Amino acid sequence: MEKIGTYEFMAEPFHCDFSQRLFMGHLGNHMLNAADFHSSARGFGMNYLMTIKRSWVLSRLAIEMEEMPKMYTKFNVETWVESAMRYFTSRNFRVVDSEGKVYGYGRSIWAMIDTESRQPTDIFAIDNGAINNWIVKDKECPIDKGGRVKMGDGAELVRTIDTCYNDVDINGHINSVKYIEHVLDLWDLDWYRSHSIKRFEIAYVAEAHGGDQLSFYREQTGEQEYCVRIVKLMADGSEPVETCRSKVVFK
């Protein structure tokens, strides 16, 4: 079996926006599916992990696109493991069509958790560290890894939302892709008529669950760059807890 996995998807009409281009959230979902297909076929995917009370949790995701696939276009998501440490592993993505046209790239960081304690657990304990057999160090992923999303005190509260059934994933917390969709909804349709997304980053800090209220704070940090902080409001009235931060670069 190849170390690099390649999986075909299509920009389905109802997964595209008004410009007939794939939504960023759906692209993120395809990347996460490719990661699951790749890891499952090689013995360290969710199907196996859930039998031993383990699960992968996305910690960071960065996607940088030259353009998004158009409606009905078939494209491939390539994915490979770049490195692995005891508690975290990095996985990369390339989005390309059948003729070799590159749409863009992605970088992600994952942790493995114990589903009962919700704490990080040793990745190398799975099948005697078999993940090391799948590491690819010589395939280029030419986008920035990203870093901590820095925000000041001037961030503006843009929206507070309730989280519901459709926001919750198999791990019982708010779905990683739903955060992407909620962040990108902070800009209206008129904005997207004259701007497209060049780069999207998100770093997950703490879990939120169905029924939690989330508040979104936005700050412009560059000419076409915005940072977003998401906090969950506590039912007991205590200080809100930060769940994630995001950075969006438009063009």
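Conventions adopted
Just so you know, the residues in each chain are numbered from 1, in the order the chain's sequence is written. Under the rules for a predicted model, residues below a pLDDT of 70 receive no local features and side-chain atom pairs below 80 are neither given nor counted, while totals for whole chains, interfaces and linings still include all residues. In computing side-chain properties, one takes all heavy atoms of the structure into account and sets aside hydrogens as well as water. Accessibility here uses a 1.4 Å probe with only protein chains present; expressed as a share of the type maximum, an area under 20% marks a residue as buried, one over 50% as exposed, and anything in between as partly exposed. For the purposes of this entry, the term helix denotes a DSSP run of H or I that reaches at least four residues, the term strand denotes a run of E that reaches at least two, and both are numbered from the N terminus. Polar contact is defined as a pair of N or O atoms within 3.5 Å, subject to the rule that within protein one atom must be able to donate a hydrogen and the other to accept it, and that residues adjacent in sequence are counted only when both atoms are side-chain atoms. Between two residues, a contact is recorded if the distance between any of their heavy atoms is within 4.5 Å. Helix span, expected: 1.5 Å multiplied by one less than the number of residues in the helix. Pairing between strands is defined by DSSP: at least two bridges between the two strands are required. To obtain each axis, a line is fitted to C-alpha atoms, and for helices this fit is confined to the stretch in contact; angles are then taken between N-to-C directions over 0 to 180 degrees. In summary, the pairing rule links any two rings of Phe, Tyr or Trp, Trp by its six-membered ring, whose centres are within 6.5 Å, and it sorts them by plane angle into stacked for under 30 degrees, edge-to-face for over 60 and tilted for everything else. Placement of a charge over a ring requires the Lys NZ or Arg CZ to be within 6 Å of the ring centre, with the centre-to-atom vector within 35 degrees of the ring normal.

## Digging into helix 3 (residues 176-184)
Next up, step 1: Burial analysis of helix 3 places seven of its nine residues in the buried class, which makes it a mostly covered element.
Next up, step 2: Buried residues of helix 3: Ser176, Val177, Tyr179, Ile180, His182, Val183 and Leu184, and no others.
Next up, step 3: Where helix 3 begins, one side-chain oxygen reaches toward the backbone nitrogen of Val177, 2.7 Å away; that side chain belongs to Asn175.

## As for the side chain of Asp114
Next up, step 1: Within the secondary structure, Asp114 is located in strand 5 (residues 102-114).
Next up, step 2: The class for Asp114 is buried, based on a relative accessible area of 17%.
Next up, step 3: At 2.8 Å, the side chain of Asp114 forms a polar contact with the backbone nitrogen of Glu116.
Next up, step 4: Ignoring sequence-local partners within four residues, the contact set of Asp114 consists of Lys53, Arg54, Gln119 and Thr121.

## Concerning helix 1 (residues 24-41)
Next up, step 1: Given a rise of 1.5 Å per residue, 18 residues ought to cover 26 Å, and the 26 Å separating the end C-alpha atoms of helix 1 matches this to within 8%.
Next up, step 2: Gly43 sits one or two residues past helix 1 and shows a positive phi near 95°.

## Things to note about unusual backbone geometry
Trans peptide bonds make up most of the peptide bonds, and negative phi angles are found at most residues other than glycine.
Next up, step 1: Look at Gln20: it is not a glycine, yet its phi comes out positive at around 65°.
Next up, step 2: Here Gln20 shows up in the loop between strand 1 (5-10) and helix 1.
Next up, step 3: On the basis of relative accessibility, which here comes to 39%, the residue Gln20 falls in the partly exposed class.
Next up, step 4: Here Asp127, not a glycine, exhibits a phi torsion of approximately 55°, which is positive.
Next up, step 5: Classification of Asp127 by relative accessible area gives exposed; the value is 54%.

## Here's the deal with the sheet that holds strand 10 (residues 241-250)
Next up, step 1: Taken in spatial order, the 10 strands line up as 1-3-4-5-2-7-10-9-8-6 in an open sheet, and their pairing is antiparallel. Strands with a single pairing partner mark the edges of an open sheet, and in this sheet they are strand 1 and strand 6 (156-162). Looking at each pair of strands side by side, their axes are set apart by 25° on average, direction ignored.
Next up, step 2: Pairing geometry for strand 7 (residues 197-204) and strand 10, over seven bridges, is antiparallel. Paired with Phe200 across the two strands is Val248, which belongs to strand 10.
Next up, step 3: Packing against the sheet, helix 3 makes contact with strand 2 (54-65), strand 6, strand 7, strand 8 (213-220), strand 9 (225-233) and strand 10, and its axis sits at approximately 130° to strand 7.

## Thoughts on the packing of aromatic side chains
Next up, step 1: This model, assessed by the stated rule, comprises nine aromatic pairs.
Next up, step 2: The interplanar angle of 35° and the centroid separation of 6.3 Å between the aromatic rings of Phe9 and Phe75 together place this pair among those described as tilted. Of the two residues, Phe9 is situated in strand 1 and Phe75 in strand 3 (residues 74-84); the sequence distance between them amounts to 66 residues.
Next up, step 3: Members of the aromatic cluster, joined through ring pairs, are Trp187, Trp191, Tyr192, Tyr226 and Phe250.
Next up, step 4: The ring of Trp80 is capped by Lys139, whose NZ or CZ atom sits 5.0 Å from the centre of that ring.
Next up, step 5: Of note, Arg229 hangs over the ring of Tyr217, and the distance from its end group to the ring centre comes to 5.4 Å.

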